[in-house]
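A closer look at the structure
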Amino acid sequence: MKVGLVLGAGGVQGGAWLTGGLDALADATGWDPAKADVIVGTSAGSMIGSLIAAGLPPWFLVAHSEGMTIEGLEDARGEPAADADRSAGAVFKAEAGAFPFFPGSLPLALRSMIRPHRHTPAGVLSGWLPRGIISGEPLREIIRRSVPGAWTEHPNHWVVACDYSTGHRVSFGRQGAPRVQLAEAVTASCAIPGFYRPVPIADRLYVDGGIWSTSNLDVVRGQGLDLVICLNPTSTLHPIGAAVNPLSWIRLLTHSEAGKRLGREAQRLRAEGSEVALIQPTGRDLDTMGINLMAGTNRNEVIQVARETVAEQLALEPFASMLADLPAGDPDMVRRPDRPSSEWPNLEALGARVAAVGN
């Protein structure tokens, strides 16, 4: 059974939702997400996907966010894991020397003006926004402390970002894409235009892969996958009611557009014969996450709610039948071992890959 795992964009709140959702997925099915044949992440999904691809189990990401410490556990640098930052990258400081040039990308602004039909609404807006000035260094630091090499050892681990001049997406880690360190690829994938500083890679600038699609589900087309599991924080099947608050209208528009795009991408995969499991936030998740997806103060609450709502979704059809044949994973990777950490057989390997992430 060939399985793909696709994790969508969603900021700090979306990353928390993905963490709780993946933990619920592993617990409900007994499957280890790291064993997916293809792992694709966009923006927040690129961060969580990279940690999963590096071998960090979802239960550990949850426990680390809650403040768990394991005596003797070290990160990829050999430093105590207990000292790792738990903010999930929610540290926002201006990069030294950065200036908010306007428009942020004149080439993209002009291309989208001449041929707007070739660009997504987010792509059109991204060219005209001022260039972001917030440093992506906290994001790089998470990856550097979590992954000991230039990239994970997973054979098909891809990180989606967008070329800041053309608005077109690129899947770093995939054959034919520019070679890059994982820390730079993830930072580029998370670089929200108008907020984060664009990331230079191979003489070009890259920004958030979400300006092409918040899900980028269709990048796994042609891989011969039997099942594709997609967790997408920025779409929902739950109706979003109108509200007086203009920010609520923005969420209504963005979630609706993301959902339509996700549906089209899923149709293309199903046309190839792949089953597609789309796991999305419920109304309860949306209420917990709130309007500001970059807020970090309630991440643990978002994680816990996602664990519950995703578990509820997975117990229903069509998910129950769709996921019934997933292969069983290592029990210590699927669920937190119910014994002292000194007896964990994978403690040394886990220590070599421990995350400096707060979710």
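Now for a quick tour of the structure. Each chain has its residues counted from 1, running along the sequence as written. Local features in this predicted model are restricted to residues whose pLDDT is 70 or higher, and side-chain atom pairs enter the listing and the counts only when it is 80 or higher, whereas totals over whole chains, interfaces and linings include all residues. Side-chain calculation: all heavy atoms of the structure are included, whereas hydrogens and water are not.

1. Some details on the overall build of the protein chain
Runs of H or I in DSSP of at least four residues are treated as helices and runs of E of at least two as strands, each being numbered from the N terminus. Scanning the protein chain for helices and strands turns up 13 helices and eight strands. Each residue's exposure class comes from its accessible area (1.4 Å probe, protein chains only) as a fraction of the maximum for that residue type: buried when under 20%, exposed when over 50%, partly exposed otherwise. By the burial criterion, 56% of the 359 residues in the protein chain qualify as buried. In this analysis, two residues are considered to be in contact whenever any of their non-hydrogen atoms come within 4.5 Å of each other. Of the contacts made within the protein chain by residues no fewer than 6 positions apart, 78% connect residues no fewer than 24 positions apart. Accessible areas in this description were obtained via Shrake-Rupley with a 1.4 Å probe; residue shielding takes into account the shown protein chains only. Accessible surface for the protein chain amounts to roughly 15200 Å². Of this, 54% is attributable to carbon and sulfur atoms.

2. Looking at the nonpolar core
One broad trend across soluble globular proteins is that nonpolar side chains are buried collectively. Grouped together as the largest cluster of nonpolar side chains are 66 residues, with contacts concentrated most on Trp-17, Phe-172, Ile-229, Leu-231 and Leu-323. Per-element tally for this core: the top contributor is helix α1 (residues 11–29), with seven residues. What Leu-231 contacts, discounting residues up to four positions off in sequence, is Leu-5, Val-6, Leu-7, Gly-8, Trp-17, Leu-18, Gly-21, Leu-22 and Ile-279. Throughout, nonpolar core names a set of buried Ala, Val, Leu, Ile, Met, Phe, Trp, Tyr and Cys residues whose side chains join them through atoms within 4.5 Å. Judged by nonpolar contacts, the second largest core, of 16 residues, contains Leu-217, Val-219, Val-220 and Val-276.

3. Notes on the side chain of Thr-236
You can see Thr-236 is positioned in the loop between β7 (227–231) and α8 (246–271). Within the structure, the side chain of Thr-236 is placed 2.6 Å from the backbone oxygen of Pro-281, a separation counted as a polar contact. Polar contacts here mean pairs of N or O atoms no more than 3.5 Å apart (in protein, one a potential hydrogen donor and the other a potential acceptor; neighbouring residues in sequence count only if both atoms are side-chain atoms).

4. A word on the side chain of Arg-197
Positionally, Arg-197 belongs in the loop between α7 (182–189) and β5 (199–201). His is not counted here, nor are the chain ends, while Lys and Arg score as positive and Asp and Glu score as negative. Within this document, salt bridges are pairs made up of a side-chain nitrogen of Lys or Arg and a carboxyl oxygen of Asp or Glu, the two lying within 4 Å of each other. Lacking a salt bridge, the buried Arg-197 has Glu-95 as its closest oppositely charged neighbour, with an N-O distance of 4.2 Å. Ignoring sequence-local partners within four residues, the contact set of Arg-197 consists of Glu-95, Ala-98, Phe-99, Arg-131, Gly-132, Ile-133, Ile-134 and Ala-191.

5. Comments concerning the pairing of strand β3 (residues 157–163)
Most of β3 sits inside the fold, with seven of its seven residues counted as buried. By the bridge criterion, four bridges tie strand β2 (residues 38–42) to β3 in an arrangement that is parallel. Across the sheet, the residue bridging to Gly-41 is Val-159, located in β3. Strands were regarded as paired on the criterion that DSSP finds at least two bridges between them. Relative to strand β4 (residues 169–172), β3 runs antiparallel, the two sharing four bridges. Each residue of the ladder has a partner; that of Ala-161, found in β4, is Val-170.

6. Concerning the packing of α1 against helix α10 (residues 299–314)
Where α1 meets α10, the closest approach of the two axes is 7 Å, and the angle between their N-to-C directions is 40°. In terms of their interaxial angle, α1 and α10 are classed as oblique. Remark: the crossing between α1 and α10 carries right-handed chirality. Contact residues: Val-12, Gln-13, Ala-16, Trp-17, Thr-19, Gly-20, Gly-21, Asp-23, Ala-24, Leu-25 and Ala-28 in α1; Arg-299, Val-302, Ile-303, Ala-306, Arg-307, Thr-309, Val-310, Ala-311 and Leu-314 in α10. Throughout this entry, Asp, Glu, Lys and Arg are counted as charged residues, while Ala, Val, Leu, Ile, Met, Phe, Trp, Tyr, Cys and Pro are counted as nonpolar. The remaining residues, Gly among them, count as polar. Of the residues contributing to the contact of α1 with α10, the split by class is 12 nonpolar, five polar and three charged. Axis angles are defined between N-to-C directions and span 0 to 180 degrees, where every axis is a line fitted to C-alpha atoms and, for a helix, only to the segment in contact. The cut-offs work like this: below 35 degrees is roughly parallel, past 145 is roughly antiparallel, 65 to 115 is roughly perpendicular, and the gaps in between are oblique. Crossings are sorted by hand: turned counterclockwise from the far helix by less than a right angle, the near helix makes the crossing left-handed, and turned clockwise it makes it right-handed.

7. Some remarks on the environment of Asp-37
Looking at the secondary structure, you find Asp-37 in the loop between α1 and β2. When its relative accessible area of 29% is taken as the criterion, Asp-37 is described as partly exposed. The sequence separation of Asp-37 and Val-228 amounts to 191 residues, and the corresponding C-alpha distance is 9.8 Å. Every residue in contact with Asp-37, bar those within four places of it in the chain, is listed here: Met-1, Lys-2, Val-3, His-154, Asn-156 and Leu-225.

8. Notes on the packing of aromatic side chains
In this scheme Phe, Tyr and Trp rings, the latter by its six-membered ring, pair at centre separations within 6.5 Å, and the angle between planes marks the pair as stacked below 30 degrees, edge-to-face above 60, and tilted otherwise. Taken as a whole and judged by the stated rule, the model has six aromatic pairs. For the pair Phe-92 and Phe-195, a centre-to-centre distance of 5.4 Å together with 75° between the ring planes defines the contact as edge-to-face. Taken together, the positions of Phe-92 in the loop between α3 (58–65) and α4 (106–114) and Phe-195 in the loop between α7 and β5 put the pair 103 residues apart, joining distant regions of the chain. Seen in terms of ring centroids, Phe-172 and Tyr-206 are 5.1 Å apart; in terms of plane orientation they differ by 75°. Their pairing is edge-to-face. With a gap of 34 residues between them, Phe-172 in strand β4 and Tyr-206 in strand β6 (residues 204–208) connect regions that are remote in the sequence. With respect to class, Phe-172 is no different from Tyr-206; both count as buried. An aromatic cluster of three or more residues is present, and its members are Phe-92, Phe-195 and Tyr-196.

9. Some remarks on unusual backbone geometry
One can expect most non-glycine residues to show negative phi and most peptide bonds to be in trans. A cis amide bond links Phe-102 with the next residue in sequence, Pro-103, at an omega value of -5°. Here Pro-103 lies in the loop between α3 and α4. Non-glycine residue Ser-43 carries a positive phi angle of around 55°. Mapped onto the fold, Ser-43 is located in the loop between β2 and α2 (44–53). Its identity is not glycine, yet Asp-203 carries a phi of approximately 70°, on the positive side. Mapped onto the fold, Asp-203 is located in the loop between β5 and β6.

10. Here we look at helix α5 (residues 121–128)
Of the residues making up α5, those classed as buried are Gly-123, Ser-126 and Gly-127. With its buried residues spanning 95° around the axis, α5 presents them on a single face. Counted as exposed and oriented over 90 degrees from the buried face of α5: Pro-121 and Leu-125. It is the directions from the helix axis to the C-beta atoms that the arc portrays.

Distances and angles like these do not, on their own, reveal function.
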